[in-house]
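Each chain, letter by letter, is given below.
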Amino acid sequence: MSRVMQLADRLLALDDLAEEGIRAKMEAFAMQGDRISALRTFANWKARLAVEISATPSDILEAMATRLRRRGAEISPAPASPSVQTEHWSGRRFIGRAAQYRVLTEAWESATQLNTRHVLLTGETGIGKSTLAMRFATSAALEGAAVARVQCFELEQRIPFGMISSLVTSLLDQPGVVGTAPESLAEVARIIPKIRDRFRNLPLPRQTEGEAARLLFAEGCFAIFESIMDEQPLILIVDDYPRSDEASLSVLHMLLRRVTHERLMMVLAGRPHEAGEPAQAARIRRGIEYLPINRVEIPPLSEDESEHMLAAVLESTGKGPRPPVRRAILRTAAGNPMALELLAQDWSVHGDAALAVSLPAMRSDMPTTAFEAVGYDRLIDRMLPALSPRTRAALYLAAILGPRLNDIESFSIVDLTPAQALAATSELVTRRVLRDAGAGLEFTNELIRARLYLKIPSAARVRLHDRVVDRLLVALGEGNGIPGLEISWHCMRARRREEAAPFLMRGAREAILHGAPDEAARALASALGQLKGRPKVEATLLLAESYQEMGELRASLECLCDMGASGQSDANLIELADTLRMDCERQIGVASVQHLVSMVSRLIDKACTDSTLTSRVRAASAAASLAGHLLQPELLSAARDACDRISVKELSSYESGRIELAKAITSYHFRQNEKGLQEALVAARLLQAVGAMDTTFVQIQTGLGAIACANGAYADGIAPLELAYATASRLDNPALMCTAASNLALCFYRVGVSESHLKWALTAWDRCRMDGRPGSYDRLHSSAQCSLAYLGLGETKRAITAREWLRECTTDARLDWVRQAAWLYEADIAWLLGEKPRALSAVNQALEISREALSLGFVGRIARWRTVQSLRGGGTESPLRFLHTWYNQIDRLDAFDQAEVLCSLAQLEPIVPAGGSDVSVQARTALGRLPMACSKQIRALGLRLPD
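Note that this is a predicted model, so its numbers are computed, not measured.

Parameters at a glance
- Residues numbered from 1 in each chain as written.
- Predicted model: local features only at pLDDT ≥ 70, side-chain atom pairs only at ≥ 80, totals over all residues.
- Heavy atoms only, no water.
- Helix = DSSP H or I, 4+ residues; strand = E, 2+ residues; numbered from the N terminus.
- Buried < 20%, exposed > 50% of the residue type's maximum accessible area, 1.4 Å probe, protein only.
- Contact = heavy atoms within 4.5 Å.
- Areas by Shrake-Rupley, 256 points an atom, 1.4 Å probe, with all protein chains shown as cover.
- Pairing = 2+ DSSP bridges.
- Axes fitted to C-alpha atoms, helices over the stretch in contact; angles between N-to-C directions.
- Expected span 1.5 Å × (residues − 1).
- Parallel < 35°, antiparallel > 145°, perpendicular 65-115°, else oblique.
- Nonpolar A, V, L, I, M, F, W, Y, C, P; charged D, E, K, R; others polar.
- Phe/Tyr/Trp six-rings, centres within 6.5 Å; stacked < 30°, edge-to-face > 60°.
- Lys NZ or Arg CZ within 6 Å of the ring centre and 35° of its normal.
- Polar contact = N/O pair within 3.5 Å; in protein donor to acceptor, adjacent residues only side chain to side chain.
- Salt bridge = Lys/Arg side-chain N within 4 Å of Asp/Glu carboxyl O.
- Left-handed = near helix turned anticlockwise from the far one by under 90°.
- pLDDT = per-residue confidence, 0-100.
- Right-handed = clockwise from strand over helix to strand, strands pointing away.

## Looking at the overall build of the chain
- Within the chain one finds 45 helices and 7 strands.
- A buried classification covers 55% of the 947 residues belonging to the chain.
- In the chain, of all internal contacts separated by at least 6 residues, the share reaching a separation of at least 24 is 70%.
- When the accessible surface of the chain is totalled, it reaches about 40,900 Å², and 52% of it is carbon and sulfur.

## Some thoughts on the environment of Met582
- Mapped onto the fold, Met582 is located in helix H27 (residues 571-588).
- Overall, the relative accessible area of 2% leaves Met582 in the buried class.
- Between the alpha carbons of Met582 and Leu596 there is a distance of 9.5 Å; along the sequence they are 14 residues apart.
- Sequence-distant contacts of Met582, that is, excluding residues within four places in its chain, are made with Met599, Arg602, Leu603 and Lys606.

## Some remarks on the sheet that holds strand E4 (residues 264-270)
- Strand order in the open sheet formed by 5 strands is E2-E3-E4-E1-E5, and the pairing between neighbours is parallel. The open sheet has two edge strands with one neighbour each: strand E2 (146-151) and strand E5 (293-297). Going from strand to strand, the sheet's axes swing by 15° on average, the running direction of each strand aside.
- Looking at chain direction, strand E1 (residues 118-122) and E5 are connected through 5 bridges and run parallel. Within E5, the position partnered with His118 by the bridge is Ile293.
- Each of E1, strand E3 (234-239), E4 and E5 touches helix H5 (residues 98-112); the most contacted strand, E4, lies at about 150° to it.
- This element, helix H10 (residues 210-231), spans E2, E3 and E4 of the sheet and lies at about 135° to E3.

## As for helix H36 (residues 754-768)
- For H36, which comprises 15 residues, the first-to-last C-alpha distance of 21 Å matches the rise-based estimate of 21 Å (1.5 Å per residue) to within 8%.
- Those residues of H36 that are buried lie in contact with helix H34 (714-731), helix H35 (734-751), helix H37 (777-792) and helix H38 (796-812).

## Brief notes about the packing of helix H23 (residues 497-513) against helix H25 (residues 533-549)
- At a minimum axis separation of 10 Å, H23 and H25 run at an interaxial angle of 10°. In terms of orientation, H23 and H25 fall into the roughly parallel class. Contacts between H23 and H25 involve Met505, Ala508, Arg509 and Ile512 on the former and, on the latter, Pro535, Glu538, Ala539, Leu542, Glu545, Ser546 and Glu549.
- Tallied by class, residues from the contact of H23 with H25 come to 6 nonpolar, 1 polar and 4 charged.

## So, the packing of aromatic side chains
- Within this structure, the stated rule accounts for 9 aromatic pairs.
- Ring centres 5.2 Å apart and planes at 35° place the aromatic pair Tyr777 and Trp817 in the tilted group. With Tyr777 in helix H37 and Trp817 in helix H39 (residues 816-832), this pair connects stretches of sequence that are 40 residues apart.
- Seen from their ring centres, Trp831 and Trp865 are 5.4 Å apart, and the 75° between their planes marks the pair as edge-to-face. Taken as a pair, Trp831 in helix H39 and Trp865 in helix H41 (residues 859-873) lie far apart in primary sequence, 34 residues in all.
- Judged by its relative accessible area of 0%, Trp865 is buried.
- If you follow Arg671 out to its NZ or CZ, it ends over the ring of Tyr668, 4.4 Å from the centre.
- The ring centre of Phe896 lies 3.6 Å from the NZ or CZ of Arg750, which sits over that ring.

## A word on unusual backbone geometry
- In this structure, Leu114 is a non-glycine residue whose phi angle is positive, near 65°.
- Structurally, Leu114 can be placed in the loop between H5 and E1.
- Positive phi is not limited to glycine here, since Asp732 has a value of about 70°.
- With respect to the element layout, Asp732 can be found in the loop between H34 and H35.
- For Asp732, a relative accessible area of 12% puts it in the buried group.

## Thoughts on the side chain of His465
- As for its position among the elements, His465 is in helix H21 (residues 458-477).
- Given the relative accessible area of 1%, His465 is considered buried.
- For His465, the side chain forms a polar contact with the side chain of Tyr453, separated by 2.8 Å.
- Residues within four places of His465 in sequence aside, it is in contact with Ile400, Tyr453, Trp489, His490, Arg493 and Ala494.

## Section: the pattern of salt bridges
- Inspection of every chain in the model, using the stated rule, returns 40 salt bridges.
- With a shortest N-O distance of 2.7 Å, Asp239 and Arg149 are connected by a salt bridge. In this pair, Asp239 sits in strand E3 while Arg149 sits in strand E2, placing the two residues 90 residues apart along the sequence.
- Owing to a relative accessible area of 34%, Arg149 belongs among the partly exposed residues under this scheme.
- Counted as one network, the salt bridges with shared partners bring together Asp578, Arg581, Arg602, Lys606 and Asp610.

## A look at the packing of helix H33 (residues 695-710) against H34
- At a minimum axis separation of 8 Å, H33 and H34 run at an interaxial angle of 160°. Taken together, the axes of H33 and H34 are roughly antiparallel relative to one another. As H33 packs across H34, the resulting crossing turns out to be left-handed. Note on element contacts: H34 touches H33 through Tyr714, Asp716, Gly717, Pro720, Leu721, Leu723, Ala724, Thr727, Ala728 and Leu731, opposite Thr695, Phe697, Val698, Gln701, Thr702, Leu704, Gly705, Ala708 and Cys709.
- Residue composition of the contact of H33 with H34, by class: 12 nonpolar, 6 polar and 1 charged.

## Observations concerning the confidence of the model for the chain
- Across the chain, pLDDT averages 83, with 87% of residues at or above 70.
- Mean pLDDT values over the elements of the chain span from 44, in helix H1 (residues 2-16), up to 96, in H33.
- Across residues 86-91, where pLDDT falls below 50, the model places 6 contacts with residues more than four positions away in sequence or in other chains.
- For residues 911-916, every residue scores under 50 in pLDDT, and the model assigns this stretch 7 contacts once sequence neighbours within four places are set aside.

## What about the pairing of E4?
- The element E4 is extensively covered by neighbouring structure, given that 7 of its 7 residues are classed as buried.
- Here E4 shows a buried face lined by Leu264, Met266, Leu268 and Gly270 and a second buried face lined by Met265, Val267 and Ala269.
- Note: E1 against E4, 4 bridges, orientation parallel. Among the inter-strand pairings, Thr122 is bridged to a residue of E4, identified as Gly270.
- In this structure, E3 lies alongside E4, joined through 6 bridges in parallel fashion. When the bridges of E4 are listed, Leu234 appears paired with Leu264.
- One crossover worth recording links E3 to the parallel E4 by way of helix H11 (residues 246-258), and it is right-handed.

What follows is the structure, given as structure tokens:
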């Protein structure tokens, strides 16, 4: 009976050990995503099989277990989706940070090759550390990486293993986790209960306490990471890591030290070193010396990058601020992306009540807005209670003083000695509210200053401004140079409006002169509502002038129209307003040719008869510029006479410089280049003496570059033109930027630097589309240069596209000489494209406007094209007469035009009858004075060069 029972028990055991049942159980667990339970079932069954019947699993079942460990495709669920959100970045531009992003990608490539590299991102609050890290993580996740990110908070620093637990928890859904040994998972589950909820059949952890338990937890976390890395690379992102708990930082440090040849990359982000930083965080920061970490400091955005980001932020609103407001937002943000975005959104909602606009405004009140810079307010609220009363008083005064906070003596206003003030500012530097900018201390971010300013009680603000005014007036009386706008701002905020007006006018003129018209416009626009009588009219005229400096011509006209009856009581102001109005209309360029001719005559008359020298100088300058635009010799002569009649002895250095510039303009258009150069150099010296960086300065530098080009010294023209462009950019004047850039494009074209040629041509085209002058010569010149630049680089399709831009400009052109120039450019481009019949047709269009060159700058082109036409058509009589005429006036032409005329003449008639001089020798000499690329360009456009 007993033997029967033993046999029955053995049969039952064999039934329990049947492979079919075990396989079904394993597949059930696997399809549920619980590979650990499946593998545990297999391991227990395998052990029983060996003990009870001395057998081993079949190859099929063993292979199934192996696939479970490796997550084989036969039974694995669908591939996991990226472990970070990808739609978060849709529609958002990635601006700047290319160099920093490259460091991340290079470290990532190294890690995927089992040469582990990590990255430490450091930078101020809002500088873009998190955005950069997550941008990178998104890209890596789309390539198959597992990504875990945790944001650390100061309030959670006392929770042991809080940071590392968050990382592990966010990885639990990764498929590789189920390959972790159950014993390791059990140790981690001691701290993270979610693991036991996820895997219900885990063994009990070992009976350990204290440091041993912590070490086992760390080892368990490493085991999880290793299991994930068996299947896919792993990226761990720890944001604001100095705020993490000490226990997690210890685990992190151990991981950084141990992992050297794994597919793991850690990205740590945090502010620069600051007081109170946890010891472990400091060790990690210092560990760069021996750990595989690259440190990447994230700087503020550049001015151009900030401009692009502001445009991107405001793109969805469909509106943009005027230049003064835009500059205020950019200045307040100081290249900080978060601050820039907050300020832009604030402006889009509140307009002139926005923080960036209202803080520097010339008004005594401070408008309340709904703006909340949450990150900065938290920083300030956390910091203020920890400050001593003296340091807090110094901080509030620094917020009032702004750029004058380096005047240590000023802190006597809040009863601080110089030593106490130095101690207070040193503490503020330690807390990273202030920073050392080399030339002195400044706020880390103007938005912090703005938020601090708002936290000062209103009555206290007024008292502080009042005491600052008293101190500044004393300094001014002692002969110190104090900016007028600074005194005016403090006067307004101290509610001393009557004293503010003269300083406002003086400061606005200073700002315009020194290249800061946006500051002048912002101050004047915000002060107009508080001014009355003549000061208000004078402020309106200054505001119109500041808008002109920035190229905001229609805004300038609006100001002049808004003067109303209050401006009619002062004859001097009426004269100046009339001159400013005509100058605006001249620059806008929408008036008819007849109206422009009439306007030149009126300006010349005003230059001779107006009662104030300021108005006469401005009228003479505008007359010379407009006469040069019209290219009518009699008007240029009359404008020159008007300039000569103004006695330079009675003028200031600045006004003398403007008159010398006007004379240089007329000399240039008569191609009296040596005379014009001397006049332009005199103008430059006069403006340098007063530190002028305004539109007059830009025009002088542009003129120096243009004269260099006329003399064939294209390389010499690059430096003044680049200076002109940079200054025009600071002024935000698109018309002047376009002129400088298009001339730079020409310089690089003539010297044969194709990449720079294209760069400046595209820059000019981009800027000229902003200046509101559709038919201007600058616009067609820049479009033509774009097409020529593309041709030089072999990009035919783009060259054809740019030629379409040129044709649009030709349609809009009103002046005959501009339309003739457009057809000549069209002919050049068509010829280079191989479209020779179209090129000759375009030449005929140009010659229908006039058989003569309507601009001295195009004599050479017409000479060349008439020669090419003659050679292809057979007749030479008409071109020879034209060529002989200009041969006798060859010194009046630009160097390049001289070469074209001489090469044309040499090709049609080798020996000139008059004088018997060999034209070929002269042509070779003319070409020798030009860059080598010029000879190639002349040959490519149809002329044979002399032997």
